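# Descriptive structure summary
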Amino acid sequence: MTDPAISVRVQREDFDLAAEVSALSSGRKDIGAVVTFSGLCRDEAGTLGALELEHYPGMAEAEIRRVSEAAMVRFGLIALTAIHRYGRILPGENIVLVVAASPHRQAAFDGANFVMDFLKTSAPFWKKEIDTAGKAGQWVSAKDADDSARDRWTESDGKANS
Amino acid sequence: MSSVRLVYFAWVRERIGKDEEEITLPESVLTAGDLLTHLKSLGEEYEMALEHDNVIRVAVNQEHVEHRESIVGAREIALFPPMTGG
């Protein structure tokens, strides 16, 4: 069964932060805190022309949803929106958005953080670098730091998360 | 013998040289690790793509599995490198 409080989208188009926060909170009076995280494409000191984001259609949505469901339960969130873009993304453009809502701020901060940490290591997306001349370069390598960021959620209390 | 759809992403896809294919697996292929070993015997493009097989991630019917887990009865198996989204 799909939780109506969770909205997951994988899309080529950009998203609007204010519109997403408003869509999630409009008409509700139980939300006391909304945390938004957005991830953008950096130009890597002028060397990067674009990122080409590949994804696994179907599984990308499913995996973000699994992470989102875990976050809802673990932090007692009352609404969550997660959007990830694919295709060609230019420096300065949005890549990912997480909006977490809860009665109090700590759960919203932690929930958004948790979703990002698990999304980065388990949602099937891959970034390829395109240089400023438009030539395809290297696939971005996965970072150990991302695994460590994810693992800290299991070290403290030993709970399974995803 | 059973037939399964394989899908590849990122540099695994580029090295194998195709997005997807339907293949028939020998009865002896039971786990995700067995599948990687079997594929490596199919040609040098597979060997090159799957050379460091400990980094290759496997998903069965769009869910992550460990290399020791069963793939028996899978409709779709995906092979890909560690993920770099977010």
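By convention here, each chain's residues receive numbers from 1 onward along its written sequence. Chain letters start at A and ligand numbers start at 1, both assigned in the order the entries are written. Reporting of local features is limited, given that this is a predicted model, to residues whose pLDDT is at least 70; pairs of side-chain atoms are given and counted only at 80 or more, and all residues count toward the totals for whole chains, interfaces and linings. Side-chain metrics rest on all non-hydrogen atoms present in the structure, leaving aside hydrogens and water.

### With respect to the overall build of chain A
Counting from the N terminus, the helices are DSSP H or I runs at least four residues long and the strands are E runs at least two residues long. The secondary structure content of chain A amounts to 4 helices and 8 strands. Along chain A, helices (α) and strands (β) appear in the sequence β-α-β-β-α-β-β-β-α-β-β-α when read from the amino end. With respect to the three principal axes, the spread of C-alpha positions in chain A is 50 × 35 × 30 Å. Here chain A, with 162 residues, has 44% of them falling under the buried criterion. When accessible area is computed with a 1.4 Å probe and restricted to protein chains, residues below 20% of their type maximum are described as buried, those above 50% as exposed, and intermediate ones as partly exposed.

### Some details on the packing of helix H3 (residues 105-122) of chain A against helix H4 (residues 144-155) of chain A
Residues and elements named next belong to chain A. Fitted lines through C-alpha atoms serve as axes, helices being fitted only where they are in contact, and the angles separating the N-to-C directions of these axes extend from 0 to 180 degrees. The geometry of H3 relative to H4 is characterised by a closest axis approach of 9 Å and an angle of 130 degrees between their N-to-C directions. Put simply, H3 runs oblique to H4. Classified by chirality, the crossing of H4 by H3 is left-handed. Every residue of H4 that contacts H3 at Asp 110, Asn 113, Phe 114, Asp 117, Phe 118, Lys 120 and Thr 121 is listed here: Asp 146, Asp 147, Ala 149, Arg 150, Arg 152 and Trp 153. Geometric relationships in this document are graded by angle, where less than 35 degrees denotes roughly parallel, more than 145 denotes roughly antiparallel, 65 to 115 denotes roughly perpendicular, and other angles denote oblique. Crossing handedness is defined as follows: a turn of the near helix away from the far one that is anticlockwise and smaller than a right angle gives a left-handed crossing, while the clockwise case is right-handed. Working rule for contacts: check all heavy atoms of both residues, and any pair within 4.5 Å makes them a contact.

### Observations concerning the interface of chain A and chain B
Listed by partner, the interface residues are 26 residues for chain A and 21 residues for chain B. Put simply, buried area is the surface a 1.4 Å probe can reach on two separate parts but cannot reach once they are joined, added for both. Summed over both partners, the interface of chain A with chain B comes to about 1,800 Å²; 55% of that surface belongs to carbon and sulfur atoms. When residues of chain A are sorted by the area they lose upon contact with chain B, Tyr56(A), Trp126(A) and Trp139(A) head the list and together hold 35% of the total. One speaks of a salt bridge when a side-chain nitrogen belonging to Lys or Arg is within 4 Å of a carboxyl oxygen belonging to Asp or Glu. Joining chain A to chain B, the criterion identifies 2 salt bridges. Under the rule applied, a polar contact is a pair of N or O atoms within 3.5 Å (in protein, one hydrogen donor and one hydrogen acceptor; residues adjacent in sequence only if both atoms are side-chain atoms). For the interface between chain A and chain B, the tally reads 18 residue pairs in polar contact (both at pLDDT 80 or more). Elements supplying a minimum of two residues to the side of chain A that touches chain B: strand E3 (48-55), helix H2 (59-75), strand E6 (94-102), H3 and strand E7 (125-131) of chain A. For the side of chain A that touches chain B, the leading source of residues is H3(A), giving 5 residues.

### Notes on the side chain of Glu21(B)
Residue and element names in this part refer to chain B. Within the element layout of this structure, Glu 21 appears in strand E2 (residues 20-25). Judged by relative accessible area, which is 14%, Glu 21 ranks as buried. Only 3.1 Å separates the side chain of Glu 21 from the side chain of Lys 18, close enough to count as a polar contact. Within the structure, Glu 21 has its side chain in polar contact with the side chain of Tyr 46 (distance 2.7 Å). When neighbours within four sequence positions are excluded, Glu 21 is seen to be in contact with Val 4, Arg 5, Leu 6, Tyr 8 and Tyr 46.

### Points about the confidence of the model for chain A
Residue-level confidence of the predictor, termed pLDDT, takes values from 0 up to 100. Of the residues in chain A, 95% reach a pLDDT of 70 or more, and the chain-wide mean stands at 94. Across residues 158-162 of chain A the pLDDT falls below 50, and counting only partners more than four positions away or on other chains, this stretch makes 8 contacts in the model.

### Focus: the sheet that holds strand E2 (residues 33-40) of chain A
All names here are of chain A. In this scheme, strands are said to pair when DSSP sees at least two bridges between them. One open sheet accounts for 4 strands, arranged E1-E4-E6-E2; its pairing is mixed. Each edge of the sheet is formed by a strand with only one pairing partner; in this case those strands are strand E1 (6-11) and E2. For this sheet, the mean angle separating the axes of adjacent strands, direction not counted, is 5 degrees. In the sheet, strand E4 (residues 79-85) pairs with E6 via 6 bridges, with the strands oriented antiparallel. Residue Thr 81 lies in a different strand from E6, and its bridge partner there is Val 99. Sheet strands touched by H2: E1 and E4. Its angle to E1, the strand with the most contacts, is close to 155 degrees.

### Here's the deal with the pattern of salt bridges
All names here are of chain A. If you walk through the whole model with that rule in mind, you get 16 salt bridges over all chains. Between Arg 85 and Glu 93 there is a salt bridge; the shortest N-O distance is 3.8 Å. A relative accessible area of 28% means that Glu 93 is categorised as partly exposed.

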